[in-house]
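Below, each chain spelled out in residue letters.
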Amino acid sequence: MAARVSAARDIQRRRFDGLKLRTNAEAEGELLDQIAAPEPAGARLLNDAAEAMRLTARGYHRVLRVARTIADLDAADKVARVHVAEALSYRRPAHLL
């Protein structure tokens, strides 16, 4: 696992080379939309989940950041549906907050 995390950090370091960012957690706005845009099936899942779970804009973007990081751990260029699904699985239901 340590090797996967190290590799994911290297991917992020290269992604943000020349910017004052180091990790996906620091990406915002248009940059986040560019680097974490899911494939069509993932986008549909995220949009459906956002509506069903009543995600705020902040919650939506947090899911995108986590999905991008999960994709980095898989060394995937694109954020796939499976990455979005895993990111969503880490959200607590509102009634448990």
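Keep in mind the model is a prediction, meaning the values are calculated, not measured.

Participant: What is the right way to look at the overall build of the chain in this model?
Facilitator: Scanning the chain for helices and strands turns up five helices and zero strands. Secondary structure elements of the chain occur, N-terminal to C-terminal, as α-α-α-α-α. Computed over its C-alpha atoms, the radius of gyration of the chain comes to 13 Å, within 12% of the 13 Å expected for a compact globule of 97 residues. Along the longest, intermediate and shortest principal axes, the C-alpha atoms of the chain span 40 × 30 × 30 Å. When the 97 residues of the chain are sorted by exposure, 32% land in the buried category.

Participant: Would you mind showing me how to read the nonpolar core here?
Facilitator: Note on soluble globular proteins: their nonpolar side chains tend to be buried together. With 19 residues, the main nonpolar core has Leu 46, Val 63, Val 84 and Leu 88 as its most contacted residues. Among the secondary structure elements, those contributing two or more residues to this core are α2 (29-36), α3 (40-52), α4 (57-73) and α5 (81-89). Counting residues per element, this core draws most heavily on α4, at five residues. The residues touching Leu 46, leaving out its near neighbours within four places in the chain, are Tyr 60, Val 63, Leu 64, Val 84 and Leu 88.

Parameters and conventions
- Residues numbered from 1 in each chain as written.
- Predicted model: local features only at pLDDT ≥ 70, side-chain atom pairs only at ≥ 80, totals over all residues.
- Heavy atoms only, no water.
- Helix = DSSP H or I, 4+ residues; strand = E, 2+ residues; numbered from the N terminus.
- Rg over C-alpha atoms; globule rule 2.2 N^0.38 Å.
- Buried < 20%, exposed > 50% of the residue type's maximum accessible area, 1.4 Å probe, protein only.
- Core = buried A, V, L, I, M, F, W, Y, C linked by side-chain atoms within 4.5 Å.
- Contact = heavy atoms within 4.5 Å.

In short, shape yes, function no, at least from these values alone.
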